[in-house]
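As a plain string of letters, each chain reads:
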Protein chains: 4
Amino acid sequence: MAKKFIAVIGGSQCSKKEAQLGEEVGRELALRGAVLVCGGLGGIMRAACKGASSAGGTTIGILPGESRQSANPYVQIPIVTGLGEARNVIVVKSAQAVIAIGGSYGTLSEISHALKNGIPLIGLNTWSISRNGRQDKSIILAQSPIEAVSQALELARSEE
Amino acid sequence: MAKKFIAVIGGSQCSKKEAQLGEEVGRELALRGAVLVCGGLGGIMRAACKGASSAGGTTIGILPGESRQSANPYVQIPIVTGLGEARNVIVVKSAQAVIAIGGSYGTLSEISHALKNGIPLIGLNTWSISRNGRQDKSIILAQSPIEAVSQALELARSEE
Amino acid sequence: MAKKFIAVIGGSQCSKKEAQLGEEVGRELALRGAVLVCGGLGGIMRAACKGASSAGGTTIGILPGESRQSANPYVQIPIVTGLGEARNVIVVKSAQAVIAIGGSYGTLSEISHALKNGIPLIGLNTWSISRNGRQDKSIILAQSPIEAVSQALELARSEE
Amino acid sequence: MAKKFIAVIGGSQCSKKEAQLGEEVGRELALRGAVLVCGGLGGIMRAACKGASSAGGTTIGILPGESRQSANPYVQIPIVTGLGEARNVIVVKSAQAVIAIGGSYGTLSEISHALKNGIPLIGLNTWSISRNGRQDKSIILAQSPIEAVSQALELARSEE
C-alpha cells in the first residue's frame, strides 16, 4: 500500500512544550509508516523531523530560500524553492492531511490553504478562526500527538 | 507625491451587501488617488474594480490562471501569473495596506500573509482569529467603506 | 481599443549600446500606445522604462524581491512577488508579445517561457538557439528598435 | 556521506532513443547512490524514474499541477506545486547538478535557470545556445548516459 504523506506545520520558533508535541507527532508518523512533509526549517519543523528520523521515517523539507544548507539537520529530502512564503502552498498541497501545532501567521496561511483545498487539517493548540461571530469548525481538534496522527492518517485524502 | 497601492481582498463569490461594500471601497480609493490591487476575478474583486473604475481610478488584477481573459472587465492592468493560489502572496506584497471584505479561506490566507509581512490589514465583516482563547487584535476593524479606506491610506507603509 | 501589453527583457546589467536600444524600444512602445511590462530592475529594464516614461507611457515592473523600493525609478506599477527568478514566468505571461535585447541566462529563461507559451518573441542582438545542429527559427530577428516594436505590436496575441 | 541530488530534465514527450537514454541515466544514478529529481511527468521524466526505480533508487517528482495522481508511476516522492511552469525553477534548484536529455522549450528554461544559478549542467543531445555568433560553452557535453552521470556526480555542488 502506498505510503501516506502528512504535513506538520507550525512556527519556526516554538516553546519547549510545542517542540515536544512536534517531536512526538513526527515519531508517531514514522512508526505508522507515513512520510513527513514540512517547511524544512527550525522550531516545529525541526522537532517533527527529529522525531520522525529517530523512528526511521522519511522527512521532506520544502525550503523557502535558495540553499539546501538552510534545512534543519533532520531533513532527508530538501526541496529548494527560492519562493519565500509562496512555498507554504506547496507544503500543504504535497500532503494528504496536515497537522498544525501552535504557529503564527505563516502557519495560519498554511491552515487557510489546506482548508481551501479540502485537505484535512488537524490542530493541536493552534489557531481558531471565526466569521460573523460563528466559529469555523473545519479545523479538527486533537488532544494529543497520537490522536492527531490517528486522525490525519484516517482522514488522509487518497483519491488525489 | 507617489500614489498609494491598496489591495482589496475578498471572496470570488459574495453577497449583494458585500459587493456593495466592495464597490464603495473601490470608488473611495480612486477618489482619494490610490491604485487598487486585487486578485482580478469576480465577487469582491470585480465590485472593487468596478467602483474604482467608475471614479477614474487605476485597477490591477493579479490573476491565478493562464489567461488575461479571465480578468473581470474592470481590470485595467492584468498580471498573468499561472501560479494558482500562490498568487495570493503577490496581491498582498504588492500593496502598502490591505482591506479585507468578507471572504473565505483564500481571503484568510491573504490576511495571514499580510499580517506576517507587517502590512496593515483593515477588516470589514471578515474573519477574526484567535490563539489559546485570546483574540488576535492585528486585524484592524472598520465599520464602513470610508473608514476602511481612511485607515488603509493612513497606515499604508511608505518605507517599502 | 484595448492597449497592448509588451514585455521588454534583457540583462540587469548591459552595455551602453544595449541600454540605448532598450530606451528606444521603450519610447517607441509608449508612442504607439503600448503598456511596458518588465522585470522592474536595472540595465535593459531601467532603460526601457526610462524611454517609455519619457514618452508618457505606462510601465510595469514585476519584481523578484520583497520590496517595491527595489524597482528602478521609472517603474510606475511595481508588482512585488518575492518569488526570485520564478517571477520571470510572470513577466512573460503578462505580455502579448516579448522583445528581448541582449541578456544573459535569466533572459534566456524568459525567451524559453515565451516560446513555450506561444507568445511572439522578437530578438535584438540576443540569444540564438539550436538543437541537433539546426537553428530554431522561433526567435523573430529585428534589426532596429522600431522594427522590433512594429513586429511586437503586429504579432501581439489578442485572443488571450 | 550525504546522497547527491541530481536532476534529469527533458521533454514530456520524447523519442524511443531519448527514452532509452533517460532510463539508462536514471538507472546509473541509482546504482551510484544518487537521488533523482525531475518534473514528475512523462517522457524523459518517466524514463529516468523507471530506470532509477529498477535499480532501487529514490525518485522525486516536482509536479506542475494540483494532483499527486499526475505523477508518473515511478515517482516515489511527489511534490505538488500547483505552480505550472514556475515549478521548473524548483526542479533545478533542488539539484546539485542537472542532466538535460533532448527537450523542448521547457527544458531550455530549466537549462537557463541552472546556468544562471551556477548549477553544473550536462547535456545529452540537447540544446546548444550562442550569443553574438559565439557558442556558449557552459553546457557540458556528454556522449553517453554513463559519462553524463559521472560528470554530474563529479561536478555536483556540495557547498550548497
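Residues numbered from 1 in each chain as written. Chains lettered and ligands numbered in written order. Predicted model: local features only at pLDDT ≥ 70, side-chain atom pairs only at ≥ 80, totals over all residues. Heavy atoms only, no water.

Trainee: Can you help me understand the nonpolar core in this one?
Mentor: It is characteristic of soluble globular proteins that their nonpolar side chains tend to be buried jointly. Core analysis: the largest hydrophobic core is formed by 112 residues, its most contacted members being A:Ile60, B:Ile60, C:Ile60 and D:Ile60. Look past the residues within four positions of C:Ile60 in its chain and what remains in contact with it is B:Ile77, B:Ile79, C:Phe5, C:Val35, C:Leu36, C:Val37, C:Cys38, C:Val75, C:Ile77 and C:Ile79. (Core = buried A, V, L, I, M, F, W, Y, C linked by side-chain atoms within 4.5 Å. Buried < 20%, exposed > 50% of the residue type's maximum accessible area, 1.4 Å probe, protein only. Contact = heavy atoms within 4.5 Å.)

Trainee: Looking at this structure, how should I read the sheet that holds strand S3 (residues 59-63) of chain B?
Mentor: Sheet strands associate in pairs through backbone hydrogen bonding, adopting either a parallel or an antiparallel arrangement. Residues and elements named next belong to chain B. As summarised here, the arrangement of the seven strands in space is S4-S3-S2-S1-S5-S6-S9, forming an open sheet in which the pairing is parallel. On the outer flanks of this sheet lie strand S4 (77-80) and strand S9 (140-141), each paired with one strand and no other. Judged from the two bridges that link them, strand S6 (residues 121-124) and S9 form a sheet pairing that is parallel. Following the sheet pairing, Gly-123 is matched in S9 by Leu-141. Docked against the sheet, helix H4 (residues 105-116) engages strand S1 (5-10), strand S5 (97-101) and S6, running at close to 145° with respect to S1. Most of the contacts of helix H5 (residues 145-155) go to S6, to which it runs at about 175°, and overall it touches S1, S5, S6 and S9. (Pairing = 2+ DSSP bridges. Helix = DSSP H or I, 4+ residues; strand = E, 2+ residues; numbered from the N terminus. Axes fitted to C-alpha atoms, helices over the stretch in contact; angles between N-to-C directions.)

Trainee: Just checking my understanding: could you explain the packing of aromatic side chains for this structure?
Mentor: Where two aromatic rings form a pair, the distance of their centres and the angle of their planes describe that pair. The final tally for this structure, using the stated rule, is four aromatic pairs over all chains. Centre to centre, the rings of A:Tyr105 and A:Trp127 are 5.7 Å apart; their planes meet at 25°, and the pair counts as stacked. Taken together, the positions of A:Tyr105 in helix H4 (residues 105-116) and A:Trp127 in strand S7 (residues 127-131) put the pair 22 residues apart, joining distant regions of the chain. Pair check on accessibility: A:Tyr105 and A:Trp127 agree, each one buried. C:Arg68 extends its terminal NZ or CZ atom over the ring of B:Phe5, reaching a point 4.8 Å from the ring centre. (Phe/Tyr/Trp six-rings, centres within 6.5 Å; stacked < 30°, edge-to-face > 60°. Lys NZ or Arg CZ within 6 Å of the ring centre and 35° of its normal.)

Trainee: So what exactly am I meant to see when it comes to the pattern of salt bridges here?
Mentor: Pairing between side chains of opposite charge can happen when the charged atoms of each approach one another. Taken as a whole and assessed by the stated rule, the structure comprises 16 salt bridges over all chains. Note that C:Glu66 is salt-bridged to B:Lys93, the shortest N-O span being 2.8 Å. Of this pair, C:Glu66 sits in the loop between strand S3 (59-63) and strand S4 (77-80) while B:Lys93 sits in helix H3 (residues 87-93), which puts the two residues in different chains. Judged by its relative accessible area of 6%, B:Lys93 falls in the buried class. Between C:Glu18 and D:Arg131 there is a salt bridge, with the nearest N and O atoms lying 3.4 Å from each other. Note that C:Glu18 is positioned in helix H1 (residues 16-31) and D:Arg131 in strand S7 (residues 127-131), a pairing that runs across two chains. With relative accessibility at 14%, the residue C:Glu18 sits in the buried group. With a relative accessible area of 21%, D:Arg131 lands in the partly exposed category. Taken together, the salt bridges that share partners define one network made up of A:Glu66, C:Glu85 and D:Lys93. (Salt bridge = Lys/Arg side-chain N within 4 Å of Asp/Glu carboxyl O.)

Trainee: Looking at this model, I keep getting lost on the pairing of strand S7 (residues 127-131) of chain C. Mind explaining?
Mentor: For a regular strand, side chains alternate in direction, first toward one face of the sheet and then toward the other. The pairing of S7(C) with S7(D) spans five bridges and is classified as antiparallel. The partner of C:Ile129 across the bridge, within S7(D), is D:Ile129. In this structure, S7(C) lies alongside strand S8 (residues 134-135) of chain C, joined through two bridges in antiparallel fashion. If you follow C:Ser130 over to S8(C), its bridge partner there is C:Gln135.

Trainee: What am I meant to see in the sheet that holds S7(A) here?
Mentor: Spatial strand order, S8(A)-S7(A)-S7(B)-S8(B): four strands in an open sheet with antiparallel pairing. Looking at the sheet topology across the chains shown, the edges are occupied by strand S8 (134-135) of chain A together with strand S8 (134-135) of chain B. Along the sheet face, H4(B) touches S7 of chain A together with strand S7 (127-131) of chain B and points at about 60° away from the line of S7(B).

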